[in-house]
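Summary of structural features
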Amino acid sequence: MKPLRIALTKGRLEQDTVALLDQIGINCDSVRNKGRKLILPVGDGSIEVVLAKAADVITYVNHGVCDLGVVGKDTILEAGGSFYELLDLGFGKCRFALAGPVDRDFFAGYHTKIIASKYPNVAHSYFEGKAMNVRIIKIEGSVELAPLLGLSDAIVDIVETGTTLKENGLAVIDTICRISARLIANSASLKLRKAEIEDLVSRMEKAKEEQK
Ligand SMILES: Nc1ncnc2c1ncn2[C@@H]1O[C@H](COP(=O)(O)OP(=O)(O)OP(=O)(O)O)[C@@H](O)[C@H]1O
Ligand SMILES: O=P(O)(O)OC[C@H]1O[C@H](OP(=O)(O)OP(=O)(O)O)[C@H](O)[C@@H]1O
């Protein structure tokens with residue numbers, strides 16, 4: 001049988017995911033010593049880890065070329081898709097927040113507010129929920145720059161420790177929602193490889209319980 005393919009978000013979530021796989025008995029030395037390789041067999045070879053950017057994890061799972069994925073709830077909320085969310089993995093914890101300059105009242109004045117974000121869909125839903133008309137500008141990174149440069153009134157971005165906001169004279173105006181890493185599954189894989197996936201999920205759940 002083909003190995004079960006798990007797309008794993010490179011970067012911040014990588015280490016915790018590898019640690020979790022190790023904990024449930026799937027040896028991930030190949031991932032730790034990957035060099036520039038992007039597809040790595042792990043454990044006894046019945047599982048393959050694919051290293052991808054967050055949004056691409058969802059694309060690969062959606063299209064069924066990967067059976068499972070590990071991705072942040074932030075990316076899930078932004079990208080959407082028709083996959084199943086199987087498990088909250090409990091790491092990669094942060095939150096989505098609306099933030100702006102400490103010395104300005106975001107709600108003051110009647111002009112249409114400008115919001116910068118790497119997550120325009122999340123920002124749009126948030127303000128739609130508040131029945132507030134805003135203009136959203138997509139920024140690719142270091143979103144905190146936008147209000148500092150006078151491009152936007154505020155940002156919708158990820159906040160973890162709050163250090164980036166603080167060091168740039170910004171503060172949280174409102175918390176939008178909590179974020180953590182999730183295990184997602186392609187819907188066909190969930191039917192076709194049910195036993196393997198259920199086994200993996202139950203081992204992950206057990207590992208999570210043991211960590212508490
Ligand atoms: N402080 C944080 N900042 C950003 N993401 C965080 C943070 N803490 C946890 N995360 C989670 O880690 C995931 C991956 O973040 P990471 O910064 O590695 O990649 P990225 O957001 O795609 O950025 P890049 O374009 O720099 O690769 C995020 O989608 C989010 O779920
Ligand atoms: O609250 P903190 O602990 O300071 O973390 C939050 C910061 O981390 C992320 O940026 P990242 O480092 O991923 O870079 P980016 O802005 O280029 O996406 C996020 O976009 C914030 O800028």
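Worth saying up front: this structure is predicted, and the values here are computed from it rather than measured.

1. Re the site of ligand 1
- Taken together, the neighbourhood of ligand 1 is formed by 13 residues, with Arg12, Lys53, Asp74, Lys118 and Glu160 sitting nearest.
- Side-chain polar atom of Arg12 to an oxygen atom of ligand 1: 2.8 Å apart, as the coordinates give it.
- Residue Glu160 places a side-chain N or O atom 2.8 Å away from a nitrogen atom belonging to ligand 1.
- For ligand 1, whose free accessible area comes to 600 Å², the fraction covered by protein is 74%.

2. Focus on the sheet that holds strand E10 (residues 170-179)
- Overall, mixed pairing links the five strands, which are arranged E8-E7-E9-E6-E10 in an open sheet. The open sheet is flanked by strand E8 (134-138) and E10, the only strands paired with a single partner. The average angle at which neighbouring strand axes cross in this sheet is 25 degrees, direction not considered.
- The pairing of strand E6 (residues 94-101) with E10 spans eight bridges and is classified as antiparallel. Bridge pairing in E10 places Arg95 opposite Arg178.
- Lying over the sheet, helix H5 (residues 120-129) contacts E6, strand E7 (113-117), E8, strand E9 (154-159) and E10, oriented at roughly 170 degrees with respect to E8.

Basis of the calculations
Residues numbered from 1 in each chain as written. Chains lettered and ligands numbered in written order. Predicted model: local features only at pLDDT ≥ 70, side-chain atom pairs only at ≥ 80, totals over all residues. Heavy atoms only, no water. Near = heavy atom within 4 Å. Polar contact = N/O pair within 3.5 Å; in protein donor to acceptor, adjacent residues only side chain to side chain. Areas by Shrake-Rupley, 256 points an atom, 1.4 Å probe, with all protein chains shown as cover. Pairing = 2+ DSSP bridges. Helix = DSSP H or I, 4+ residues; strand = E, 2+ residues; numbered from the N terminus. Axes fitted to C-alpha atoms, helices over the stretch in contact; angles between N-to-C directions. Contact = heavy atoms within 4.5 Å.

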